[in-house]
Amino acid sequence: MSLHDDAVLVLKGYGGGADAAQEELRLAYLDHLSRHPDGMWKACGAGHLTASALVVDPEHGRVLLTLHRKLRMWLQMGGHCEPGDATLAGAALREATEESGIAGLTLLAGGPVTLDRHPIPAPCNWHLDVQYAALAPSGSTERISDESLDLRWFAYDEVAGVADSSVVRLVERTRAALDGVG
């Protein structure tokens, strides 16, 4: 199965918590993939899917954010899919591991936590981000990557003071998913 096929299956199965805006995005992502066989890749001028993961330490009620080198914003870990990625979940986990430096991350069961589409500079135009949550093992230590200016743990209630609404929404949906697990 190709990464494109996996993305279609993931999106077909994504429920979005019965949220109308999430359903609209889910359908837009599926439409994008049906019209663009290259819709997983950065070279797709109409935009492309990306995979990200919010690194969470539920034991201490905090999330790890990266100060993105290019954007100079506090964000979750994530980025472009690569030819070696077999699944969207695998791409999100790879990105989270690379950017956090934390070995042993595991994705929260149940698939993506949320979807977020945001404009980017031409020639790509759009990132259609599929966002997961990754659980940090107890006692793990982060290590900054070349893609970051900084890495920092933030308590759940501190995120709104440092990040934009898309990250706040991701934290809220992750917390709701964690509550559903416990």
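Look a little higher up for the structure.
Quantities reported herein were computed from a predicted structural model and do not represent experimental measurements.

Visitor: An account of the layout of surface pockets is requested, with residue identities and associated values reported.
Guide: The volume enclosed by the largest pocket comes to roughly 890 Å³. Forming the walls of the largest pocket are 31 residues, and the residues nearest its centre are H68, L71, H80, I120 and H127. Elements that contribute at least two residues to the lining of the largest pocket include exactly β1 (48–57), β2 (62–68), β4 (77–80), α3 (88–100), β6 (114–119) and β7 (126–135). Of all the elements, β4 adds the most residues to the lining of the largest pocket, at four residues. Across the lining of the largest pocket, the residue classes break down as eight nonpolar, 12 polar and 11 charged.

Visitor: Could you give an account of the side chain of Q22, naming the residues involved and the relevant values?
Guide: Relative to the assigned elements, Q22 resides in helix α2 (residues 20–35). Looking at Q22, the relative accessible area reads 4%, which means it is buried. Q22 has contacts with Y14, G16, T114, L115 and R173, leaving out every residue within four places of it along the chain.

Visitor: Help me get a handle on the packing of aromatic side chains, residues and values and all.
Guide: Enumeration over the complete set of coordinates arrives at one aromatic pair. Ring centres of W74 and F154 lie 5.1 Å apart, and the angle between their planes is 75°; on these two criteria the pair is classed as edge-to-face. A residue pair is termed long-range when its members are at least 10 positions apart, and W74 in strand β3 (residues 74–75) and F154 in strand β8 (residues 148–155) qualify at 80 residues. What makes W74 buried here is its relative accessible area of 11%. Above the face of the W153 ring, R62 is positioned so that its terminal group lies 4.1 Å from the ring centre. Over the face of the ring belonging to W126 we find R117, whose NZ or CZ atom lies 4.9 Å from the ring centre.

Visitor: Would you mind going over the nonpolar core in detail, with residue names and values included?
Guide: By size, the foremost hydrophobic cluster in this structure holds 32 residues, and its most contacted members are M40, L49, V55 and L88. Contributing elements (two or more residues each) for this core: α1 (3–13), α2, β1, α3, β7 and β8. Setting aside residues no more than four positions away along its own chain, L49 makes contact with A7, L11, H32, L33, G39, M40, C81, L88, L128 and V130. Counting 19 residues, the second largest nonpolar core, distinct from the first, contains V56, V113, A163 and V168.

Visitor: Can you explain the pairing of β2? Please cite residues and give values.
Guide: Where burial is concerned, most of β2 is hidden: five out of the seven residues are buried. As judged from the three bridges shared by β1 and β2, these two strands associate in the antiparallel manner. Residue pairing across strands places V55 opposite L64, the latter belonging to β2. In textbook terms, the turn of a hairpin is the stretch between consecutive antiparallel strands, and for β1 and β2 this stretch comprises four residues, one of which, G61, has a positive phi near 60°. Pairing between β2 and β8: seven bridges, direction antiparallel. Residue pairing for β8: V63 is matched across the bridge by F154.

Visitor: Provide a residue-level description of α1, including the pertinent values.
Guide: For α1, the full list of buried residues reads L3, H4, D6, A7, V8, V10 and L11. Packing partners of the buried residues in α1 comprise α2, β1, α3, β6 and β7.

Visitor: Can you lay out the pattern of salt bridges for me, pointing to particular residues and giving the numbers?
Guide: Counting across every chain of the model gives 10 salt bridges. The shortest N-O distance in the salt bridge between R62 and D57 comes to 2.8 Å. Its relative accessible area of 25% is what places R62 among the partly exposed residues. Close ionic contact of D85 with R94 constitutes a salt bridge, the shortest N to O distance being 2.8 Å. Of the residues examined, D85 reaches a relative accessible area of 9% and is grouped as buried. Assessed through its relative accessible area of 16%, R94 is described here as buried. Residues joined in a network through salt bridges with shared partners are E82, D85, R94, E95 and E98.

The rules behind the values
- Residues numbered from 1 in each chain as written.
- Predicted model: local features only at pLDDT ≥ 70, side-chain atom pairs only at ≥ 80, totals over all residues.
- Heavy atoms only, no water.
- 1 Å grid on protein atoms, 1.4 Å probe; cavity = no way out; pocket = protein on both sides within 12 Å on 5 of 7 lines; lining within 4 Å.
- Points joined across faces, edges and corners; volume = space filled by probe spheres on them.
- Helix = DSSP H or I, 4+ residues; strand = E, 2+ residues; numbered from the N terminus.
- Nonpolar A, V, L, I, M, F, W, Y, C, P; charged D, E, K, R; others polar.
- Buried < 20%, exposed > 50% of the residue type's maximum accessible area, 1.4 Å probe, protein only.
- Contact = heavy atoms within 4.5 Å.
- Phe/Tyr/Trp six-rings, centres within 6.5 Å; stacked < 30°, edge-to-face > 60°.
- Lys NZ or Arg CZ within 6 Å of the ring centre and 35° of its normal.
- Core = buried A, V, L, I, M, F, W, Y, C linked by side-chain atoms within 4.5 Å.
- Pairing = 2+ DSSP bridges.
- Salt bridge = Lys/Arg side-chain N within 4 Å of Asp/Glu carboxyl O.

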